[in-house]
Amino acid sequence: MSHLGARVLLAPMEGLLDHTLRDVLTRVGGVDLCVSEFIRVTNTVLPRRAFIRVAPELLNNSCTVAGVPVRVQLLGSDPDYLAANAAALAELQPAGIDLNFGCPAKTVNQHRGGAVLLDEPELVGQIVAAVRRAVPAHIPVSAKMRLGFNDDSRAEDCALAIEAAGASDLVVHARTKAHGYRPPAYWDRIADLRQRVRLPMVANGEIWTLADALRCREVTGCDRLMIGRGMVADPGLALAITQHDALTQGGAMQSAVAWTQILGLMRLFWQGIALRVAPRHRAGRLKQWLNYLRRVYPEAQEAFDQLRLLHDPEKIDQWLAAQAVG
Ligand SMILES: Cc1cc2nc3c(=O)[nH]c(=O)nc-3n(C[C@H](O)[C@H](O)[C@H](O)COP(=O)(O)O)c2cc1C
């Protein structure tokens, strides 16, 4: 279960890319591996249900309905508690356990979790080593980092510490915490890291189109990409990348994802949302997705304009029913 062959990974995005959207997006094809949103670890060992709430895929062999494996991400700063929680999580047989060293959120960093740890490469190494020791060897332990907190001067030290601690692979979001989510992403720094670190690396940040994906691979030298917001905006992006790869390897081109297909996915998403989100928040979740989709689909802009002022789920039901699905 190393998934080292995975070429397109779906990024964890707390509050945006939850298991419902993961289910829908992985049905389109092209995604080889997902990472769940982070589960915060402080000074307790979480009950089973806390892991299952974020990653219900754990009840489905740690796969989405479409069969794409999901690794579960933990975030924290205490090696012992992270190890104890990882051991508890391992009993649920996750497809892997990922450690978050990149979260920029203030509340998380005030508690010494997320990106602030990148100032302490030794602690990063201790965390990965403790978790690796606590988890059976067949379950991969991976890490995801930014380039640093205020600057990227310790990026190499962090990546080397993660490698030495026995991680299976490393996703690098090519920005510091101080860069937030503002473009650009500094892909060239991933190429620098690859000079020093042999650990399989996955490049992440600002991949919105097929052209971005190809350029990111060229600049970083990484075959493997993780995509977050770009997949929410264009659910066909991972498929476009794999189709491109198939074409350049002599395979056949399949069709792109049409708006009518997106509407079908949107219905699935809406059904999933109805099962687990309070009625007053449901319309917001659909508009949140449309807000990304409109970067790619003019129809999504139209839909966004039509739905902008609607909050009543019944009105959304009616709108969806009125759309022709191919
Ligand atoms: C709303 C939001 C929530 C995120 N939550 C997480 C998270 O839970 N864990 C994590 O490692 N990264 C998280 N990230 C970072 C993304 O995984 C990714 O590294 C970042 O968005 C850059 O990739 P992109 O340009 O493809 O979106 C989040 C990003 C966004 C925008």
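Residues numbered from 1 in each chain as written. Predicted model: local features only at pLDDT ≥ 70, side-chain atom pairs only at ≥ 80, totals over all residues. Heavy atoms only, no water.

**What about the overall build of the chain?**
Broken down by element type, the chain carries 14 helices and 8 strands. Considered along the principal axes of its C-alpha atoms, the chain spans approximately 55 × 45 × 35 Å. Within the chain, the fraction of its 326 residues that count as buried is 57%. Restricting the contact set of the chain to residue pairs at least 6 apart, pairs at least 24 apart contribute 70%. For the chain, the exposed area adds up to about 14000 Å²; of that, 51% sits on carbon and sulfur atoms. Looking at the chain, you have 36 positive and 33 negative side-chain charges, and the mean spots of the two groups are 4 Å apart. (Helix = DSSP H or I, 4+ residues; strand = E, 2+ residues; numbered from the N terminus. Buried < 20%, exposed > 50% of the residue type's maximum accessible area, 1.4 Å probe, protein only. Contact = heavy atoms within 4.5 Å. Areas by Shrake-Rupley, 256 points an atom, 1.4 Å probe, with all protein chains shown as cover. Lys, Arg positive; Asp, Glu negative; His and termini not counted. Charge placed at Lys NZ, Arg CZ, Asp CG, Glu CD.)

**Things to note about the pairing of strand β6 (residues 170-176)**
Across the 7 residues that make up β6, a large majority, 7, are buried. Relative to β6, strand β5 (residues 141-148) runs parallel, the two sharing 5 bridges. What sits directly across from A143, in β6, is L170. Read from β5 through helix α6 (residues 155-164) to β6, the crossover connection turns out right-handed. (Pairing = 2+ DSSP bridges. Right-handed = clockwise from strand over helix to strand, strands pointing away.)

**A closer look at helix α10 (residues 237-248)**
The end-to-end C-alpha distance of α10 is 17 Å, a good match for the 16 Å that 12 residues give at a rise of 1.5 Å each. Of the residues making up α10, those classed as buried are L237, A238, L239, I241, Q243 and D245. (Expected span 1.5 Å × (residues − 1).)

**A closer look at the sheet that holds β5**
Remark on secondary structure: sheet strands pair via backbone hydrogen bonds, oriented parallel or antiparallel. With parallel pairing, the 8 strands of this closed barrel are ordered in space as β1-β2-β3-β4-β5-β6-β7-β8. Shown here is a sheet whose adjacent strand axes are inclined to one another by a mean of 30°, direction ignored. (Axes fitted to C-alpha atoms, helices over the stretch in contact; angles between N-to-C directions.)

**A short note on unusual backbone geometry**
Along the chain, P183 connects to P184 via a cis peptide bond; the corresponding omega equals 5°. The phi torsion at N61 lies on the positive side, around 65°, for a residue other than glycine. By secondary structure assignment, the location of N61 is in the loop between α2 (48-54) and β3 (70-75). Even without being a glycine, Q93 presents a positive backbone phi close to 55°.

**A short note on the pairing of strand β7 (residues 201-204)**
Residues of β7 alternate between two faces, with M201 and A203 on one and V202 and N204 on the opposite face, all of them buried. The pairing of β6 with β7 spans 4 bridges and is classified as parallel. Within β7, the residue paired with L170 across the bridge is M201. In terms of handedness, the path from β7 via helix α8 (residues 210-220) over to strand β8 (residues 225-227) forms a crossover that is right-handed.

**Topic: the site of the ligand**
Around the ligand sit 17 residues, and of these P12, Q73, N204, E206 and R229 come closest. At a separation of 2.7 Å, a nitrogen atom of the ligand approaches a polar side-chain atom of Q73. Interatomic distance of 2.7 Å between a side-chain N/O atom of R229 and an oxygen atom of the ligand. Starting from 610 Å² of accessible surface for the ligand in isolation, the protein chains cover 89%. (Near = heavy atom within 4 Å. Polar contact = N/O pair within 3.5 Å; in protein donor to acceptor, adjacent residues only side chain to side chain.)

**Concerning the pattern of salt bridges**
Tallied over the full model, the rule gives 17 salt bridges. With a closest N to O distance of 3.2 Å, D169 and R71 form a salt bridge. Of this pair, D169 sits in the loop between α6 and β6 while R71 sits in strand β3, placing them 98 residues apart in sequence. Here D169 matches R71 in class, with each residue buried. Between R224 and D169 there is a salt bridge; the shortest N-O distance is 3.4 Å. Here the residue R224 occupies a position in the loop between α8 and β8, and D169 occupies one in the loop between α6 and β6, the gap between them amounting to 55 residues. Each member of the pair, R224 as well as D169, is classed as buried. (Salt bridge = Lys/Arg side-chain N within 4 Å of Asp/Glu carboxyl O.)

**Examining the domain arrangement of the chain**
The figure often quoted for interface size is the accessible area lost as the parts come together. According to the domain assignment, the chain consists of domain 1 (8-247) and domain 2 (259-325). Each of domain 1 and domain 2 was reduced to a C-alpha centroid, and the two centroids are 28 Å apart. With 16 residues of domain 1 in contact, the opposing surface of domain 2 contributes 15 residues. When the two sides are added together, the surface that domain 1 and domain 2 hide from each other amounts to roughly 1400 Å², 67% of it contributed by carbon and sulfur. Among the residues of domain 1 in contact with domain 2, T20, V24 and A233 are the three that bury the most area, contributing 30% of the side total. (Domains from an automatic or database assignment. Buried area = accessible area lost by both parts, 1.4 Å probe.)

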